[in-house]
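Next come the chains, spelled out residue by residue.
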Amino acid sequence: MAEQQDSSQERTEEPTAKRLKDARDKGQIPRSKELNTLAVVIVAALGLLMLGPGMAQRLMDVMVYNFAFEREVLYVTDSMGWHLMASLDQGLRSLGPLFLMLLFAALGGPILLGGWLLSAKSMAPKFERLNPIAGLKRMFSLKALVELLKALAKFLVVLTVALLVLNLRREDMLSMANEPLPIAIVHAGWVLGTSLLLLACSLIVIAAVDIPFQLWDNKKKLRMTKQEIKDEFKDTEGKPEVKSRIRQLQREMAERRMMSEVPKADVVITNPTHYAVALKYDPLKSGAPVLVAKGADFLAQKIREIAQEHDVVVLESPPLARAVFHSTELEQEIPAGLYLAVAQVLAYVFQLRQYRAGQGKRPGPMPEPKIPDDLRRDE
């Protein structure tokens with residue numbers, strides 16, 4: 001039994017939509033640091049290749065500006081401050097486009113995996129992280145081992161590619177010593193950009209391994225036990241016994257509301273024992289009689305009793321009672337196919353009321369109304 005209980009608590013079920021939504025609200029989505037690093041490094045490499053020559057030229061102008069000035073400037077105290085501000089302004093103008101590219105890369109990298117997410121819950125302090133026991137568990141967990149292997153693999157891959165790049169660019173770096181300074185600075189920017197791009201490409205291998213692992217690890221954390229799925233269903237849909245009780249109370253309220261309308265009816269038509277329907281006709285409000293109450297078996301008996309207590313006419317017409325019961329909903333007009341049959345019943349009720357008021361003769365037996373074949377019910 002213990003083994004069965006343990007196996008039943010294994011997280012073998014896929015996460016539900018609510019589980020995924022709650023996890024996303026808490027900031028628990030797959031993220032890859034390697035993908036973010038790759039995005040930043042590649043953008044930096046491309047930025048150096050595209051903007052490198054211009055940046056080098058402007059930085060060289062700043063260098064010349066700081067090393068070539070008139071002797072008299074040294075004796076003016078304020079001139080040094082203005083000189084420094086001008087140099088900073090020129091330097092920021094030179095590096096600003098590259099910094100903007102890196103900023104967008106740092107913000108856009110996380111969006112590539114998991115999408116954009118701003119969660120206040122994920123930024124809230126979590127004091128359970130201060131637990132040393134939990135910290136030791138994280139240090140010796142599978143994820144920590146994978147992170148260690150990734151760091152070693154990243155170091156070895158980047159080191160190997162860096163040595164290859166240095167060997168590949170050896171002649172370029174040696175030739176820069178014999179080039180004029182402006183040409184050497186531009187040449188150095190190009191060498192740095194291409195070398196960084198090659199190093200960035202080496203990170204693709206690490207990211208290609210890390211991204212599937214992060215997706216798998218996040219999905220594994222969100223897996224649920226069968227009991228959790230049952231509990232979630234109860235929380236969202238409601239417990240069966242509570243829902244049953246709610247439906248029972250709703251039926252009771254509807255029945256009480258319906259029974260309160262029986263004394264206002266003009267006639268109650270019965271089966272005579274299985275069905276009972278109460279009809280009300282107000283020519284000023286509607287063009288056809290309206291069903292104000294209906295019921296079967298015990299409810300039908302209750303309708304008859306209330307009708308008799310309030311002197312509502314009760315007539316037996318099994319075909320008509322069954323037809324109205326099955327074709328008309330509460331507070332709805334009867335279908336057009338039953339207009340003639342119900343009109344015959346209401347006419348008989350009117351004659352009966354006149355007789356009871358002493359204003360007419362006693363009517364004979366009510367003729368059986370004719371029911372259309374499409375509305376007739378034999379059961």
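Position labels on residues start from 1 in each chain and follow its written sequence. Only residues with pLDDT of at least 70 get local features here, since the model is predicted, and only at 80 or more are side-chain atom pairs given and counted; chain-wide, interface and lining totals rely on the full set of residues. As a rule here, side-chain values cover all heavy atoms of the structure and leave hydrogens and water aside.

The protein chain appears in an unreviewed UniProt entry as Flagellar biosynthetic protein FlhB from Halopseudomonas phragmitis. Listed in UniProt under the heading Sequence similarities (unreviewed entry), the comment for the protein chain reads: "Belongs to the type III secretion exporter family." UniProt positions are given in the numbering used here, feature names are shortened, and annotations may be inferred rather than shown by experiment. Under the Subcellular location (unreviewed entry) heading, UniProt states for the protein chain: "Cell membrane".

Q: Before we move on, could you go through the confidence of the model for the protein chain and cite the residues and values that matter?
A: Per-residue confidence from the predictor is reported as pLDDT, which spans 0 to 100. Mean pLDDT for the protein chain: 79, with 88% of residues reaching 70 or above. A run of DSSP states H or I qualifies as a helix once it reaches four residues; a run of E qualifies as a strand once it reaches two. Both are numbered from the N-terminal end. Across the protein chain, the element-wise mean pLDDT spans from 43 in helix 1 (residues 2–8) up to 90 in strand 2 (residues 275–280). Note that residues 1–8 has pLDDT below 50 and, in this model, two contacts with residues that lie over four places away or in other chains. We call two residues contacting when some pair of their heavy atoms lies within 4.5 Å.

Q: Describe the sheet that holds strand 1 (residues 267–270), listing the residues and the values that go with them.
A: Sheet strands line up and pair through hydrogen bonds in the backbone, either parallel or antiparallel. A sheet is described by the order of its strands in space; here four strands give the open sequence 3-2-1-4, paired in mixed fashion. Each end of this open sheet is capped by a strand with a single partner; those strands are strand 3 (290–296) and strand 4 (313–316). Averaged over all neighbouring strand pairs, the angle between strand axes comes to 20°, with direction disregarded. Here an angle of 0 to 180 degrees is reported between the N-to-C directions of two axes, which are lines fitted to C-alpha atoms, with helices fitted over the stretch in contact. Strands strand 1, strand 2, strand 3 and strand 4 of the sheet are contacted by helix 12 (residues 298–309), whose axis makes an angle of about 125° with strand 3. In the packing of helix 13 (residues 318–327) onto the sheet, contacts are made with strand 1, strand 2, strand 3 and strand 4, and the angle to strand 2 comes to roughly 75°. Any two strands with at least two DSSP bridges between them are considered paired.

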